[in-house]
Every structure is written in structure tokens, then in C-alpha cells.
Amino acid sequence: MDIKDLVLQTLKENFTDSIIEITDFRNDLSITVKQEKLFELAKFLKENENLLFEMCKDVTAIDWATRKNRFTVVYHLYSFKLNFNLRLKSNLETEPYQIQSVTPIWQSANWYERETYDMYGIEFINHPDLRRMYMPEGFEYHPLRKDFPVLGIPESLPLPQKPE
Amino acid sequence: MGLEAKLTQDGFITTTIDAIVAWARKSSVWPMPMGISCCAIEMIAAADPKYDIARFGSEVMRFTPRQCDLMIVAGTVTYKMAQVVRRIYDQMPDPKWVIAMGACTSSGGMYRSYNVVQGIDQFLPVDVYTAGCPPRPENLLNALMTIQEKISKTRARDFQDIIPQKLELINK
Ligand code: SF4
């Protein structure tokens, strides 16, 4: 059986209701999952003996600005056993933008989620240490949101006083 | 030549303390290599045998601010890094000079963006700006020579008002 079919079939057997959309563009399989089911499905992907998606390569987000579901959180997974890449997506529907953290499943997601929180302001529930990654602590905005001006907000980042 | 000839002839020279101090200072400007990004590579190149910053007495790149006279800020300064740059500058002993090397430090360069300081002169007193992205080592050497020229014109009385200020700071 084709690896893609194996993945899809295993998922469909267990999570028919949770999957919203499946796209396959140039062998790039991408699955959109309901927000509340994401954690469960991710755990399954890692622990199922036929799949073993043991590596979380990236967590990021997309800001669609004007769409109804403003943010999409994206996870890139990899299985050594199958030598296969999989993309998981989840739309965040309402404010506050929150989703279950996958750090308990993949430790590598820790800093990725912190980065996503810093840049998009998406809150990861149960994250062990959700602090900003790049911007100074105390900064109030999330720079990769589409409504953030490129040049920033004046006076929002402190500078030392120029000496005489 | 020069000094040796004078000394062997008469055994003494006449000059002012100011001139000789300035001469000593300008011939041993020790840089603090604040190499924050790509410009640092050209700063390193300026120290190699081809460009040889040692010709100007500045080969002693010190990674401790306590032993430096000149800060070469080579690279993009973000708001987060600005605090660090400034703290290191404050730790350097007086008198001190600053070269803003490259487009980024002088004006933000191509990073017209929320996280990059649009010119380090917003929080540091800059003596020489160097154009280029990155500036060639010759350009940095030229900046150094400009600084030397500036130093050779300093006189002790230029620091007269600074010294009480600094003493006050230290006593605080
Ligand atoms: S001026 Fe150019 S070379 Fe220098 S730090 Fe900026 S981008 Fe890099």
C-alpha cells in the first residue's frame, strides 16, 4: 500500500469526524483538523505503531487578516519509519486565539510555540513556559500580525538615552 | 630618521604634553569589535595581513570594554541589542570614540523595519559614519584615520568639563 493511503486510512478509521479537509498537492499531504481534536490526533500520529511521526519539524501560523477564521496554526511532522512528511493545520475560529500545546508530545515544539506566540499572539494552553522568543519582554504587540505596521509602533520599544 | 636623528644629535626634543599625549593616543587606538552581523566580516578582514590595521596601531581588538578606546559598531543593531551596545559603551574608559560601520548602523540600512534601530546615533554619540553594505576594509581604515586626525586635535582642556561630570557619576 502507498504510504499516503496508509496514513489517510489509519487516520480515517479513528478520526473521521475530526478531519475537516485533506489536500494533496504535489505529494505534499496536508490535513486540516478541528481545533479541539488536534492534540488527540497529534498524540495518535506519534504513538500509532504503523505511523510513528516522531519528529515535529516546525510549528507556525498564518494570519489571513480578513477571513472568518483569522488564524491557521500549522504543524510539520515527519516519520522516520515511513520517511514521510505530513502537514497538520487547524483553524482558530474565535477570540481569544487559543489552542492546546503539543509540547507534551514533542519537546521540540516548545520553542516553535513560543515563537508563534511572540509573533502572532496565539496562546498555547498547557505550554510549560510560554514567554516571548524574540521581542523584548514587556512588548505589547505581535509583529507578524497583518494589522501591525512594518515600521512598528513608535515608543513601543525602549532605547537608552543618548549621553551628552 | 625623525625622532632617532633628533635624539642622537641633541639628546632632547621640545613639544607640549598635549601634543605628545594626543600622539600616543592616536597611535594606539584599541578597538572594541562590536561585530553584530555581516559587517563584522569586513572588520575582521581589515585586521588580516592584506589590509593590516596594525599599521595604524589598532590591531589589538579587545573583547573587554575596559581596555578599549574605540568602539566599531559593525552590524545591524536591533532594539534588543541596543541595550547591550550601550552598556558596553558605558563600560569603556574615557576618552572614547565610536565608528558607525555600514549602512545598518548609520541609518538602519535595508532593514526599514520595526525591530531595527534606524541609526545608532539615536543612543550613541557617533564620531565617524562609514558608508557601504558592507564597507570595504579600506573604508574602515579611512574611518580610523579620520578618528586619528580627530584625536590628534584633542587637548587636555577639551576634557575639563567632562572630568567633574564623570567623577560625580563614579561617586554615585
Ligand atoms: S550594512 Fe550590510 S553588510 Fe553591514 S551589517 Fe548591514 S546588511 Fe550587513
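Heads up: the structure comes first, above all this text.
Each residue is numbered by its place in its chain's sequence as written, counting from 1. To read the labels, note that chains go from A and ligands from 1, taken in the order they are written. Only residues with pLDDT of 70 or above have their local features reported here, since the model is predicted, and side-chain atom pairs are shown and tallied only from 80 upward, although totals for entire chains, interfaces and linings are computed over all residues. Note: side-chain values were computed over all heavy atoms of the structure, leaving out hydrogens and water.

Draft legend 1. The arrangement of the overall build of chain B in detail. The helix count covers DSSP runs of H or I at least four residues long, the strand count covers runs of E at least two residues long, and both are numbered beginning at the N terminus. Counting secondary structure elements, chain B contains seven helices and four strands. Start at the N end of chain B and walk to the C end: the helices and strands fall as α-α-β-α-β-α-β-α-β-α-α. Think of it in three bands: residues with accessible area under 20% of the maximum for their type are buried, residues over 50% are exposed, and the middle band is partly exposed, with areas taken using a 1.4 Å probe on protein chains only. By the burial criterion, 41% of the 172 residues in chain B qualify as buried. For chain B, the exposed area adds up to about 9700 Å²; of that, 58% sits on carbon and sulfur atoms. Separation between the mean location of the 19 positive side-chain charges and that of the 17 negative ones in chain B comes to 5 Å. Method for areas: the Shrake-Rupley scheme with a 1.4 Å probe, in which residue coverage is limited to the protein chains shown. When charges are counted, neither His nor the chain ends are considered; positive counts come from Lys and Arg and negative counts from Asp and Glu. Lysine's charge is taken at NZ, arginine's at CZ, aspartate's at CG and glutamate's at CD.

Draft legend 2. Just the sheet that holds strand 2 (residues 70-74) of chain B, in detail. All names here are of chain B. Across the sheet, which stays open at both edges, the four strands sit in the order 1-2-3-4 with parallel pairing between neighbours. In the strand order of this sheet, the two ends are held by strand 1 (31-35) and strand 4 (128-130), each with one partner. If you compare each strand with its neighbour and ignore which way they point, the axes differ by 15° on average. Looking at chain direction, strand 2 and strand 3 (residues 97-101) are connected through five bridges and run parallel. Opposite Ala74, over in strand 3, you have Met101 as the bridge partner. In this analysis, strands are considered paired if DSSP registers two or more bridges between them. All axes are obtained by fitting lines to C-alpha atoms, using only the stretch in contact for helices, and the reported angles, taken between N-to-C directions, cover 0 to 180 degrees.

Draft legend 3. A look at the interface of chain B and chain A. Tallying the contact residues gives 15 residues for chain B and 17 residues for chain A. Both sides together, the interface formed by chain B and chain A hides about 1500 Å², and carbon and sulfur atoms give 67% of it. Two parts placed together each lose some accessible area under a 1.4 Å probe, and the buried area is that loss summed for both. Among the residues chain B hides against chain A, the three largest losses belong to Tyr79, Lys80 and Tyr114 of chain B. Together they make up 44% of the total. Here a salt bridge means any side-chain nitrogen of Lys or Arg lying within 4 Å of a carboxyl oxygen belonging to Asp or Glu. Run the count over chain B and chain A and you get zero salt bridges. Counted as a polar contact is a pair of N or O atoms within 3.5 Å, where, for protein atoms, one must be capable of donating a hydrogen and the other of accepting one, and residues adjacent in sequence contribute only when both atoms are in side chains. In this structure, the connection of chain B to chain A is made through five residue pairs in polar contact (both at pLDDT 80 or more). For this scheme, ten residues count as nonpolar: Ala, Val, Leu, Ile, Met, Phe, Trp, Tyr, Cys and Pro. Four count as charged, namely Asp, Glu, Lys and Arg, and the remainder, Gly too, count as polar. Its residues assigned to classes, the side of chain B that touches chain A comprises eight nonpolar, three polar and four charged. A contact between two residues is defined here by any heavy atoms of the two lying within 4.5 Å.

Draft legend 4. Just the sheet that holds strand 4 (residues 71-79) of chain A, in detail. All names here are of chain A. Taken in spatial order, the five strands make up an open sheet running 1-2-5-4-3, and their pairing is mixed. Sheet topology places strand 1 (19-25) and strand 3 (55-63) at the edges, where each strand pairs with a single neighbour. Strand after strand, the sheet turns through a mean of 20° between neighbouring axes, direction not considered. Of the pairings in the sheet, the one linking strand 1 to strand 2 (residues 28-33) comprises six bridges and is antiparallel in character. Its bridge partner lying in strand 2, Ile22 is registered against Ile31. Across the sheet, helix 2 (residues 38-47) is in contact with strand 2, strand 4 and strand 5 (84-92); its angle to strand 5 comes to roughly 170°. Sitting on the sheet, helix 3 (residues 109-120) touches strand 3 and strand 4, and the angle it makes with strand 3 is about 10°.

Draft legend 5. Broad picture of the pattern of salt bridges. One pass over the full model with this rule turns up 11 salt bridges over all chains. Note that Arg70 of chain A and Asp147 of chain A form a salt bridge whose closest N and O atoms lie 3.6 Å from each other. On the criterion of sequence distance, the pair formed by Arg70 of chain A in the loop between strand 3 and strand 4 and Asp147 of chain A in the segment after strand 7 (123-125) is long-range, its members being 77 residues apart. Overall, Arg70 of chain A belongs to the buried group, its relative accessible area being 15%. When the shortest N-O distance is used, the salt bridge between Arg136 of chain B and Glu138 of chain B registers 3.1 Å. Owing to a relative accessible area of 46%, Arg136 of chain B belongs among the partly exposed residues under this scheme. Relative accessible area serves as the criterion here: at 39%, Glu138 of chain B is assigned to the partly exposed category. Residues joined by salt bridges that share partners form a network here, namely Asp63, Arg70 and Asp147 of chain A.

Draft legend 6. How the structure looks around helix 2 of chain A. Residue and element names in this part refer to chain A. Of all the positions in helix 2, only Leu38, Leu41, Ala42, Phe44 and Leu45 are classed as buried. When helix 2 is viewed along its axis, its buried side chains cluster within an angular range of 160° and face the same direction. The inward-facing, buried residues of helix 2 contact helix 1 (3-15), strand 2, strand 4, strand 5 and strand 6 (98-100). The arc under discussion is defined with respect to the helix axis, by the directions toward the C-beta atoms.

Draft legend 7. Main features of the packing of aromatic side chains. Stacked, edge-to-face and tilted labels apply to pairs of Phe, Tyr and Trp rings (six-membered ring for Trp) whose centres lie within 6.5 Å, assigned for plane angles under 30 degrees, over 60, and everything in between, in that order. Inspection of every chain in the model, using the stated rule, returns nine aromatic pairs over all chains. Where Phe15 of chain A meets Phe44 of chain A, the ring centres are 5.3 Å apart and the plane angle is 65°; that geometry is what we call edge-to-face. Of this pair, Phe15 of chain A sits in helix 1 while Phe44 of chain A is found in helix 2, placing the two residues 29 residues apart along the sequence. The two residues Phe15 of chain A and Phe44 of chain A agree in class, both being buried. Ring plane angle 70° and centroid distance 6.5 Å describe the contact between Phe53 of chain A and Phe84 of chain A, whose orientation is recorded as edge-to-face. Of this pair, Phe53 of chain A sits in the loop between helix 2 and strand 3 while Phe84 of chain A sits in strand 5, and the two are 31 residues apart along the sequence. Residue Phe53 of chain A shares its accessibility class with Phe84 of chain A, and that shared class is buried. Through successive ring pairs, a cluster of aromatic residues spans Phe139, Tyr141 and Phe148 of chain A together with Tyr114 of chain B. If you follow Arg67 of chain A out to its NZ or CZ, it ends over the ring of Trp64 of chain A, 3.8 Å from the centre. Seen from the ring of Tyr89 of chain B, Lys96 of chain B lies directly overhead, with NZ or CZ sitting 4.3 Å from the centre. Cation placement over rings: the criterion is NZ of Lys or CZ of Arg within 6 Å of the ring centroid and within 35° of the ring normal.

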